[in-house]
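The lines below spell out each chain.
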Amino acid sequence: MIQPPESQKAAQLVQKAFPQSKLLRIWPLSGGVSAGMTALEIHQPDGHTQKVIVRSQPHPGTAEKEYRLLRLLQAHGLKTPAPYLLDLTATAPALVIDYSEGEMTFTPADLNSHLRQMAAQLAQIHRLDLSPHDLSFLPKTADACLELGRERPFPSPTFPQETQIRQAVAKHNLLPPNKPALLHGDFWPGNCLWRDGELTAVIDWEDAQLGDPLVDLAQSRSEIAWIFGPEAVETFTNQYQQQMPLDFQPLDLQPLPYRDLCAALRQIRLVGEDLAGFADYFAGYGRSDITPQSIRQNLSTFINNAFARLAH
């Protein structure tokens, strides 16, 4: 029987990663935006079965960066998928990683525990001492707000605060950044997998970089704001602070309002005018309470709180 091209390629990757194993089945995974994702189940020579994921990246540099970083993170005990193979021979570079058991959840039974575990994992990422390793493959984020440099044809009518945010950020004197740390680059609830109320893995590391930990923290806060509400933002932040030891750097939170406003600009750009589309996405995960109105209200509250703190 002639195999379809995707199955042939998957079988070849399986043989490279796991010699003498056999491909049992293949199925697509949803959720990947920058990378295509396919799940494979394989039969190992020792008799046991294993599931892995093939991430097809359009850029070889991105695939190699994620592979090298996942190897480091595994060695340091973080909850990340184990990398098995980096294949750069095909047209689309492929990364074979472990299939992390768990799923996204936006309806946790215990929200405080959910936020506490997320905060602990983010703090662990930022506390990593990777100085003994060569990190030249990771980009360094700029100290200033990158969103100011992104072209916007017109301010968002959904969020009239955009112009005010841009003006405030542009004229604000940013304090010296914190000591650079490893940043996930997209640490939001959708990149965390859960099983029985326990965080099992943090996924999608293609945006990882080095920079001020507050960039990561603010981005997480802006996502949590419109998914779980303003109180959840403070719970998450307090838990994060508790997980950061007093002798770490020490971490200066004074620039956080500035970082929050930058993160808000990113959210406004990503949401655009498709609030209904964002709301529909979460309805599929049991969150019919997330509506265009709630997204606008929660993100506006996040923005107003940042302005209030920036003024003091």
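Preceding block: the structure.
If you're wondering where the values come from, they're calculated on a predicted model, not measured in any experiment. Every chain is numbered on its own, with residues counted from 1 as its sequence reads. Side-chain atom pairs in this predicted model are given and counted only at pLDDT of 80 or more, local residue features only at pLDDT of at least 70, and totals for whole chains, interfaces and linings cover all residues. Side-chain measures were taken over the full set of non-hydrogen atoms in the model, leaving aside hydrogen atoms and water.

Visitor: I would appreciate a short explanation of the packing of aromatic side chains in the present structure.
Guide: Here the distance between the centres and the angle between the planes together describe a pair of aromatic rings. Note on aromatic contacts: the rings of Phe and Tyr and the six-membered ring of Trp form a pair at centre separations within 6.5 Å, being stacked when their planes are under 30 degrees apart, edge-to-face when over 60 apart, and tilted otherwise. Tallied over the entire structure, the rule returns 10 aromatic pairs. When the ring of Phe106 is compared with that of Phe282, the centres are 4.8 Å apart and the planes differ by 80°; the resulting orientation is edge-to-face. In this pair, Phe106 sits in the loop between strand E5 (94–98) and helix H3 (111–127) while Phe282 sits in helix H8 (residues 275–283), placing the two residues 176 residues apart along the sequence. Of the two residues, Phe106 and Phe282, both sit in the buried class. Through a chain of ring-to-ring contacts, the aromatic side chains of Phe106, Trp188, Trp226, Phe278, Tyr281, Phe282 and Tyr285 assemble into a single cluster. Sitting over the ring of Trp27, Arg25 keeps its end group 3.8 Å from the ring centre. A ring is scored as having a charge over it whenever the NZ atom of a lysine or the CZ atom of an arginine sits within 6 Å of its centre and within 35 degrees of its normal. The ring of Tyr99 is capped by Lys51, whose NZ or CZ atom sits 4.5 Å from the centre of that ring. Each helix is a run of H or I in the DSSP string that is no shorter than four residues. Each strand is a run of E no shorter than two, and both are numbered from the N terminus. Residue exposure (1.4 Å probe, protein chains only): buried if accessible area is under 20% of the type maximum, exposed if over 50%, otherwise partly exposed.

Visitor: What is the right way to read the sheet that holds strand E1 (residues 22–28) from this model?
Guide: Pairing between the strands of a sheet is mediated by backbone hydrogen bonds and can be parallel or antiparallel. Strand pairing is assigned whenever DSSP detects at least two bridges linking the two strands. On the basis of which strands lie adjacent, the open sheet formed by five strands has the order E1-E2-E3-E5-E4 and antiparallel pairing. On the outer flanks of this sheet lie E1 and strand E4 (83–87), each paired with one strand and no other. Recorded for the sheet is a direction-independent mean angle of 25° between the axes of neighbouring strands. Two strands pair when backbone bridges link them, and strand E2 (residues 36–43) and strand E3 (residues 49–56) are joined in this way by eight bridges, in the antiparallel orientation. Throughout, an axis means a line fitted to C-alpha atoms (over the contacting stretch in the case of helices), and angles, computed between N-to-C directions, take values from 0 to 180 degrees.

Keep in mind these numbers describe shape, not what the thing actually does.
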